[in-house]
Amino acid sequence: MRVVVAADNAGVELKNAVRDLLRDDERVSEVTDLGVADAEDDRAYPVLGLAAAETIARGEADRGVLVCGTGIGVAISANKVPGVRATVAHDSYSAERSVKSNNCQVITFGARVIGPELAKKIVAEWIGHTFDPDSASAGKVAHITEYEQAHVAC
Ligand SMILES: O=C[C@H](O)[C@H](O)COP(=O)(O)O
């Protein structure tokens, strides 16, 4: 699995902790870190969120982990990229269902909301979840995709 990670300067430390966890996970073949690298880099969360989501939309990554102060801004940004579904998930069940019910490729965290150990635990579980295209959830996700394709300008 190829994972892209990104954060604004509010989330850089948590992003780095999750990035390092992913790099040590044998289920992950590649981790692309789009930054920010440190707290001095003031690129705003939309820049990072959109760049990460576009990486997935281009087929260059399978999943994404995005971090900002709340996780909300990067999620909103990533969801603007056609074909990408992102959500904040600060608990194990939401993270699981974000994949199994919603086929989300992206999970986001708020560094001002969740601590690193819980975030890392959630990510370690999240990596193992997969979407079943034959599940009852698939038709609901297809409805979202059909709307997007009919209404969202590329
Ligand atoms: O969703 C936005 C993020 O929490 C970001 O890190 C902080 O944004 P703000 O500086 O506009 O509050």
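Everything numeric here is computed off the predicted structure, so don't read it as measured data.

Quick word on the pairing of strand 2 (residues 30-33)
The pairing of strand 1 (residues 2-7) with strand 2 spans four bridges and is classified as parallel. From the neighbouring strand, Val5 faces strand 2, where its bridge partner is Asp33. Crossover handedness for the path strand 1 to helix 1 (residues 12-23) to strand 2: right-handed.

Focus: helix 1
Helix length check: helix 1, at 12 residues, gives a terminal C-alpha distance of 16 Å against a target of 16 Å (1.5 Å per residue), a fit within 8%. For helix 1, the complete set of buried residues consists of Val12, Leu14, Lys15, Asn16, Val18, Arg19 and Leu22.

Observations concerning the packing of helix 4 (residues 92-100) against helix 5 (residues 116-126)
Between helix 4 and helix 5, the least distance of the axes is 9 Å, while the angle of their chain directions is 30°. Put simply, helix 4 runs roughly parallel to helix 5. The handedness of the crossing between helix 4 and helix 5 is right-handed. Residues Ser92, Ala95, Ser98 and Val99 of helix 4 pack against Ile122, Glu125 and Trp126 of helix 5. Partitioned by chemical class, the residues of the contact of helix 4 with helix 5 number four nonpolar, two polar and one charged.

The rules behind these values
- Each chain carries its own residue numbering, running from 1 in the direction its sequence is written.
- With pLDDT at 70 or above as the cut-off, local features in this predicted model cover only qualifying residues; side-chain atom pairs require 80 or more to be listed or tallied, and sums for whole chains, interfaces and linings still use all residues.
- As a rule here, side-chain values come from all non-hydrogen atoms in the structure, and water together with hydrogens is ignored.
- Each pair of strands is called paired provided DSSP finds at least two bridges between the two strands.
- Strands here are runs of E lasting at least two residues and helices are runs of H or I lasting at least four, both read from the DSSP assignment and numbered beginning at the N terminus.
- We call a crossover right-handed when, viewed with the strands running away from us, the connection from the first strand over the helix to the second turns clockwise.
- Multiplying 1.5 Å by the helix residue count minus one yields the expected span of that helix.
- For every residue, the accessible area obtained with a 1.4 Å probe (protein chains only) is divided by the maximum for its type, and the residue is called buried under 20%, exposed over 50%, and partly exposed between those limits.
- Each axis is a line fitted through C-alpha atoms, taken for helices only over the stretch in contact, and angles between the N-to-C directions span 0 to 180 degrees.
- Between 65 and 115 degrees an angle is taken as roughly perpendicular, under 35 as roughly parallel, over 145 as roughly antiparallel, and anywhere else as oblique.
- Put simply, a crossing is left-handed when the front helix is turned counterclockwise from the back one by less than a right angle, and right-handed when it is turned clockwise.
- Whether two residues are in contact is decided by their heavy atoms: any pair within 4.5 Å suffices.
- For this scheme, ten residues count as nonpolar: Ala, Val, Leu, Ile, Met, Phe, Trp, Tyr, Cys and Pro. Four count as charged, namely Asp, Glu, Lys and Arg, and the remainder, Gly too, count as polar.

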